[in-house]
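Summary of the model geometry
Residues per chain are reported as follows:
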Amino acid sequence: MTMTPIYIDGRFGWLHAPADGAHAPVGVVLCPAFAQEEVCTHHGLMALGEALAARGVAAVRFDYGGTGDSIDGPVTLDGLIADAEAAAAWLRGHAQVDRVMLAGVRLGAAVAMLAAKRLNDVSALVLLAPVLSGQAFLRETRASAAVASLSGLDPVPPLESDQPLNTNGFRWTAAFQREVAAIDLTAVEAPVETALFVPPRTDRRSGKLAQRWRDAGGAATELPFADYDGWMQDPTTNETPVETFAAVADWVARHAGTPAGAPIPSLHDAISLHTDSYIEEPLRFGPDDALFGMLCRPAARPAAPVAALLMHEGSTHHIGNGRAYVRLARRLAAGGFASLRMDLTGMGDSPAGDNPRHPHYDPERISEGVASLDCLEAHGFPRAIVAGLCSGAHTALQVTLADERAVGSVVLNLQKFIWHYGDDIRVAVRDNKRSLKGYIRAMRNPGEWRRMLKGEADLPGIARVLAKRSAVRLRHAATSLLPPKPGSEAAQVREQLQTLSARGAHVHLVFSDEDPGLADMGMKLGRGARLLRQYPPVRMVTLDRADHHFNGTLARDRHIEMMIAAMSDAVAAHGAGLPPVSPRTELPAAAE
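Residues numbered from 1 in each chain as written. Predicted model: local features only at pLDDT ≥ 70, side-chain atom pairs only at ≥ 80, totals over all residues. Heavy atoms only, no water.

**What to know about the overall build of the chain**
The condition that has to hold: Helix numbering and strand numbering both begin at the N terminus, where a helix is a DSSP run of H or I of at least 4 residues and a strand a DSSP run of E of at least 2. Think of it in three bands: with a 1.4 Å probe and only protein chains considered, a residue is buried below 20% of the maximum accessible area for its type, exposed above 50%, and partly exposed in between. By the convention used here, residues are in contact when the closest approach between their heavy atoms is within 4.5 Å. Methods summary: accessible areas were calculated by the Shrake-Rupley approach with a probe of 1.4 Å, and residue burial reflects only the protein chains presented.
Along its length, the chain carries 18 helices and 19 strands. Taken across its 592 residues, the chain has 60% of its residues classed as buried. For the chain, the proportion of contacts with a sequence separation of at least 24, taken over those separated by at least 6, is 74%. In the form shown here, the chain has an accessible surface area of approximately 23,400 Å², with 54% of it arising from carbon and sulfur atoms.

Structure follows, in structure tokens:
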């Protein structure tokens with residue numbers, strides 16, 4: 001790995017430096033996509049940074065202010081452009097490159113073009129699936145939000161209103177939406193002489209703009225983005241566009257010059273982000289330092305000895321859906337609790353391991369969770385509550401079972417107690433339909449009717465899964481009052497719950513009231529999970545007006561309240577005799 005975490009005036013990022021020291025005279029700033037598109041492309045952009053470094057080109061990628069792991073604050077278009085400018089200045093100053101290239105993905109490509117117009121040392125642009133028409137981009141974004149299930153909880157407001165738009169938990173202010181809509185780069189004059197356009201097959205605007213730049217005397221190269229569709233999708237099943245990135249990195253290397261000179265100066269051994277309420281420290285840990293996590297702790301007072309370990313699900317990385325884990329971690333710090341939000345291998349900023357599948361439920365995830373507990377203990381936190389959602393809920397529960405340092409867990413919308421190794425995650429996603437109650441409620445949402453009329457709803461699949469669940473539910477209802485067959489899934493689940501109960505583990509099983517995971521609870525523990533009463537202090541909570549990912553405004557606030565309460569309970573029950581952990585004020589300030 002050639003990656004080193006950095007901070008640029010409160011913006012978190014990574015430096016990808018050539019391993020052998022010599023580097024090209026031109027460096028690259030990678031401007032990320034925005035909101036859910038950034039989540040989909042985050043791990044892939046890391047791969048592009050590494051591909052550039054392998055060819056002797058230093059690269060920086062970063063989180064815009066108010067996004068990712070960067071310091072909180074309002075998100076504006078001018079702010080995104082300023083973030084790209086700051087990253088370019090940091091790369092020039094620290095890597096001692098003569099000039100920079102700006103590369104961007106989707107909205108990040110528009111940011112790169114707009115930043116290039118302000119800077120005078122941009123040697124080239126690399127535009128990956130660029131957003132050239134902000135109006136079209138916003139229209140597509142709002143249309144997708146209108147047909148999503150979340151729109152039943154947080155409806156899409158009129159563009160002329162002052163209400164924010166919620167897309168997968170990311171909130172776009174009305175002012176930012178209007179700024180994005182005003183972007184029109186379809187006929188802009190070339191801000192640089194050399195550019196690489198990498199458009200997906202459905203993009204016609206990029207080819208026209210590239211030709212316009214060539215007609216004006218510029219060198220605009222086009223490279224088809226053949227593997228774009230496999231990348232721009234839920235991280236549960238997406239694939240890094242290795243072939244396209246190799247071609248992009250080769251093009252960049254040809255235009256960046258011959259690697260030479262002294263190695264890039266080393267950064268601080270440890271860096272952190274300091275605010276009045278929290279301190280955040282990026283960490284590498286686990287075997288070969290293959291895991292990445294962000295430790296967040298109170299800034300102004302000692303932290304409780306019980307910390308929170310936040311495990312992401314397959315559809316996101318350590319920031320959580322819609323940045324939920326960042327917000328949760330900083331709220332916990334304000335309440336006196338530390339937390340570690342970590343990336344499983346092959347996700348976020350942790351490199352892929354030897355498993356080529358997307359093993360969100362596979363057993364190796366348990367050892368990665370245990371390594372995270374080791375990391376917390378090494379930093380002074382001997383006990384932890386493990387939290388997760390969906391597949392992350394399964395991992396959190398299994399880590400709690402595997403290690404007694406985990407004194408409890410808060411698991412949201414657990415889909416399966418038992419996962420069989422080798423099961424295809426794609427099949428699980430296909431079969432992960434809502435409950436019947438959820439579909440009845442969805443019929444009140446006009447967006448759902450539009451999806452059905454357009455043929456976008458999998459009606460045969462929905463009917464098949466609901467019929468299968470009903471048959472299984474009837475079979476389990478007839479047998480739930482009897483002792484389970486030895487070795488059956490029901491027997492395994494009850495053994496697990498007995499283990500947790502005997503340890504006094506504070507396990508909170510939290511479900512939205514229409515989540516399909518409730519069906520598995522009923523099958524294993526009877527109607528309404530009535531058998532759960534036999535295993536205190538394990539408890540189940542069902543919340544109304546909560547979507548599967550807890551992306552709704554009300555659901556997210558309730559989740560934070562539940563986590564703070566769970567942490568307080570765990571400290572009272574398991575923190576006796578353990579000293580509080582003082583803030584590490586000796587950490588160096590953020591690298592600038």
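**Topic: helix 18 (residues 553-574)**
Formally: Multiplying one less than the number of residues by 1.5 Å gives the expected span of a helix.
Its 22 residues place the ends of helix 18 32 Å apart at the C-alpha level, agreeing with the 32 Å of an ideal helix rising 1.5 Å per residue. Among all positions of helix 18, only Ala555, Arg556, Arg558, His559, Ile560, Met562, Met563, Ala566, Met567 and Ala570 are buried.

**Here we look at the environment of Ser391**
Counting through the fold element by element, Ser391 comes out in helix 11 (residues 391-402). Sequence-wise, Ser391 and Val411 are 20 residues apart; in three dimensions their C-alpha atoms are separated by 9.6 Å. Every residue in contact with Ser391, bar those within four places of it in the chain, is listed here: Glu313, Gly314, His360 and Tyr361.

**Considering the packing of aromatic side chains**
The cut-off we apply is this: Pairing of aromatic side chains requires ring centres within 6.5 Å, counting the rings of Phe and Tyr and the six-membered ring of Trp. Pairs whose planes differ by under 30 degrees are stacked, by over 60 edge-to-face, and all others tilted.
The full count for this structure, using the stated rule, is 14 aromatic pairs. Ring centres of Phe34 and Phe176 lie 5.1 Å apart, and the angle between their planes is 50°; this geometry places the pair in the tilted category. Here Phe176 lies in helix 5 (residues 174-181) and Phe34 lies in the loop between strand 3 (26-31) and helix 1 (36-54), a separation of 142 residues in the sequence. Ring centres of Tyr361 and Trp419 lie 4.3 Å apart, and the angle between their planes is 15°; this geometry places the pair in the stacked category. Pair noted here: Tyr361 is in the loop between strand 15 (339-343) and helix 10 (364-378) and Trp419 is in the loop between strand 17 (406-412) and helix 12 (425-431), with a separation of 58 residues, a long-range link. Owing to a relative accessible area of 8%, Tyr361 belongs among the buried residues under this scheme. With a relative accessible area of 12%, Trp419 lands in the buried category. A network of ring pairs unites the aromatic residues Tyr7, Phe12, Trp14 and Phe292 as a single cluster.

**Describing the pairing of strand 4 (residues 59-62)**
Just so we agree on the cut-off: Strands were regarded as paired on the criterion that DSSP finds at least two bridges between them. Think of it like this: strands point away, you trace from the first strand over the helix to the second, and a clockwise trace means the crossover is right-handed.
Every second residue of strand 4 is oriented toward a common face, with Ala59 and Arg61 on one face and Val60 and Phe62 on the other, all of them buried. Bridge count for strand 2 (residues 11-16) against strand 4 is four bridges, and the pairing is antiparallel. The partner of Leu15 across the bridge, within strand 4, is Val60. The pairing of strand 3 with strand 4 spans three bridges and is parallel. Along strand 4, the bridge assignment pairs Val28 with Ala59. Note on the crossover from strand 3 through helix 1 to strand 4: the handedness is right-handed.

**Some details on the nonpolar core**
What counts here: What is meant by a nonpolar core is a set of buried Ala, Val, Leu, Ile, Met, Phe, Trp, Tyr and Cys residues, joined one to another through side-chain atoms within 4.5 Å.
Counting residues in hydrophobic clusters, the biggest one holds 64 residues, and the most contacted among them are Leu91, Leu102, Met113, Leu125, Trp172, Phe176 and Trp213. Of the residues forming this core, the biggest block, ten residues, is contributed by helix 2 (residues 77-95). Setting aside chain neighbours within four positions, we find Phe176 in contact with Phe34, Val75, Thr76, Leu77, Leu80 and Leu107. Leu283, Cys375, Leu497 and Leu500 belong to the second-largest nonpolar core, a separate cluster that totals 44 residues.

**What about the confidence of the model for the chain?**
Detailed conclusions should not be drawn from predicted coordinates in areas where pLDDT is low. Quick note on the threshold: The predictor reports its confidence for every residue as pLDDT, a score running from 0 up to 100.
Put simply, the chain has an average pLDDT of 89, and 86% of its residues get 70 or more. Across residues 433-437, confidence stays below pLDDT 50; counting only partners more than four residues off in sequence or on other chains, it has 24 contacts. Ignoring residues within four places in sequence, the model shows residues 585-592, a span with pLDDT below 50, making 22 contacts including any to other chains.

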